[in-house]
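Understanding the architecture of this molecule
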Amino acid sequence: MHLNRRIGRCVLSGAVVLAGLLAALGCSGVPSAQESFARGPLPYHVCVFVDREALGFIAGDPVPGTEAASPAPPPAPREMKIQYGLDAQALARSVARALSTESGTVTLARVLEASNRADALKIARSAEADLLVAVGFETRPEYTHQAWSPGWGALEIGAWLFGGIPAWFVPSLKFSTLSRLKVEVVDLHPGGRGERSAPETVWKQSFDAPYQNLSLWDRSHPFDRPLDYVATIVVPPVVMNPGDPERVSRELTDDLTGELNDQFSSALHAQLIESESISPVSVGFLSPDPLNPVDAEAISLRLGIANRGPARVTALDLHRFVAGVEKFRWVMPRTEVEAFARRLSALEGEDGYVPLDLPDPIPIAAGDNILKIRVQRDDGLTVSRTMVYRK
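Report follows, based on the coordinates. (Residues numbered from 1 in each chain as written. Predicted model: local features only at pLDDT ≥ 70, side-chain atom pairs only at ≥ 80, totals over all residues. Heavy atoms only, no water.)

**Overview of helix H5 (residues 117–126)**
What counts, and what does not: Exposure categories follow from relative accessible area, calculated using a 1.4 Å probe and restricted to protein chains: below 20% of the type maximum is buried, above 50% is exposed, and the middle band is partly exposed. Only DSSP runs of H or I covering at least 4 residues are called helices, and only runs of E covering at least 2 are called strands; the numbering of each starts at the N terminus. As used here, the arc belongs to the directions running from the helix axis to the C-beta atoms. By definition in these notes, contact holds between two residues if any of their heavy atoms fall within 4.5 Å.
By the burial criterion, the buried members of H5 are Arg 117, Ala 120, Ala 124 and Arg 125. For H5, the buried positions fall inside an angular range of 125° around the axis, keeping them on one side. Facing away from the buried side of H5 by more than 90 degrees, the exposed set consists of Ala 118, Lys 122 and Ser 126. For H5, the elements touching its buried residues are strand E1 (42–50), strand E4 (131–138), strand E6 (173–187) and strand E7 (200–214).

**Quick word on the packing of helix H4 (residues 88–102) against helix H9 (residues 245–278)**
Using the following cut-off: Structural elements are reduced to axes, namely lines fitted to C-alpha atoms, with helices fitted over the stretch in contact, and the angle between N-to-C directions of any two is expressed from 0 to 180 degrees. Angles below 35 degrees are treated as roughly parallel, those above 145 as roughly antiparallel, those between 65 and 115 as roughly perpendicular, and all remaining angles as oblique. A clockwise turn of the near helix away from the far one marks a right-handed crossing, whereas an anticlockwise turn of less than a right angle marks a left-handed crossing. Lys, Arg, Asp and Glu make up the charged group, whereas Ala, Val, Leu, Ile, Met, Phe, Trp, Tyr, Cys and Pro make up the nonpolar group; the residues left over, Gly among them, are polar.
Where H4 meets H9, the closest approach of the two axes is 9 Å, and the angle between their N-to-C directions is 45°. Between H4 and H9, the crossing angle belongs to the class labelled oblique. With respect to the hand of their crossing, H4 and H9 are arranged in right-handed fashion. Facing H4, whose interface residues are Leu 91, Ser 94, Val 95, Ala 98 and Leu 99, H9 presents Thr 257, Asn 261, Phe 264, Ser 265 and Leu 268. The residue makeup of the contact of H4 with H9, split by class, is six nonpolar, four polar and no charged.

**Observations regarding a nonpolar patch on the surface**
How we decide: Residues enter patches when they are more than 30% accessible in relative terms and free of salt bridges; like-charged ones are connected within 9 Å and nonpolar ones (Val, Leu, Ile, Met, Phe, Trp, Tyr) within 5 Å. Where accessible areas are quoted, they stem from the Shrake-Rupley method and a 1.4 Å probe; at the residue level, only the protein chains shown are allowed to cover. Salt-bridge detection follows one rule: a side-chain nitrogen of Lys or Arg within 4 Å of a carboxyl oxygen of Asp or Glu.
A surface patch of nonpolar side chains, amounting to about 460 Å² of accessible area, comprises Leu 227, Val 230, Ile 233 and Val 234. Relative to the helices and strands, Ile 233 resides in the loop between helix H8 (226–231) and H9.

Here it is, written out as structure tokens:
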């Protein structure tokens, strides 16, 4: 940001003055804890599974409460139906990707193959995860198109009359895809007290995707159905209705799954940010930036830690896990813990974060380096946060 401000000014003296001011203020470009949370990802290890027992996975029945029950329609050939294309595990994988690699909401999200919540809790705890996300899904047995979407329809007609080819890409055909993603987020260590506390659901919500719009390009590939495109010489693309059922099914599946996952990722991000602001102990990974790959053999880690309440921090340690590599552990010496606790106590009752530079470099191996920080207080509370650095 500072570099961009200097570009175009071409005033060397201004750059020197700015550098001097930054040095005087002790600014090294390291973000604050709040800025690290906004930058992402948030320091959480999440396990995702489809909870069929509690939340269900229904891809053939109407969403409860949305329409009257009716006899099941006679089965139709698979290739003639427009319907949802993901099974339960594929949906869970899409949710995990949306939370981690796509949106960067959390640093690590893994899919569990668990048949019930009890098994999922056991597996997630053995993996030392922070949160368990239980997912449920409901959708229509078949997606049927509705009327021309008025706004998009007018744009398609205009493009068809005056441009031709651009009309192929206007999403003028509206499909009813009434679907619902239900989620429950379970804190595996409520209150930070580890195994001594039973997991509890801390947040639940549902997200809806009522309809999707598709263009001719979405509904029909020109190599597979060239006549659909040739026909647009004399008729608008919407007449090619609905198109190739298999292609339409794939597009609708991708679109509505993406929409639901985006809604969930955004809502979970806001929920976790709010939780960090009131958590008794909050940890931010300030530097290095986990979004950038690591090239070095080790990193110098800077944390931002907030301790809220009268209890004092009594222990702090770090564990690094890499598949196929011996585990690394760092423990803060007692005398340093006491000194750091005094720094934290000076901010008691405030939301400020105290920066902590780990004195020892953390070795980084090839692959995903999972770093888990644990902070313990004299009231028995222990908080664990997770960050992944990739080499």
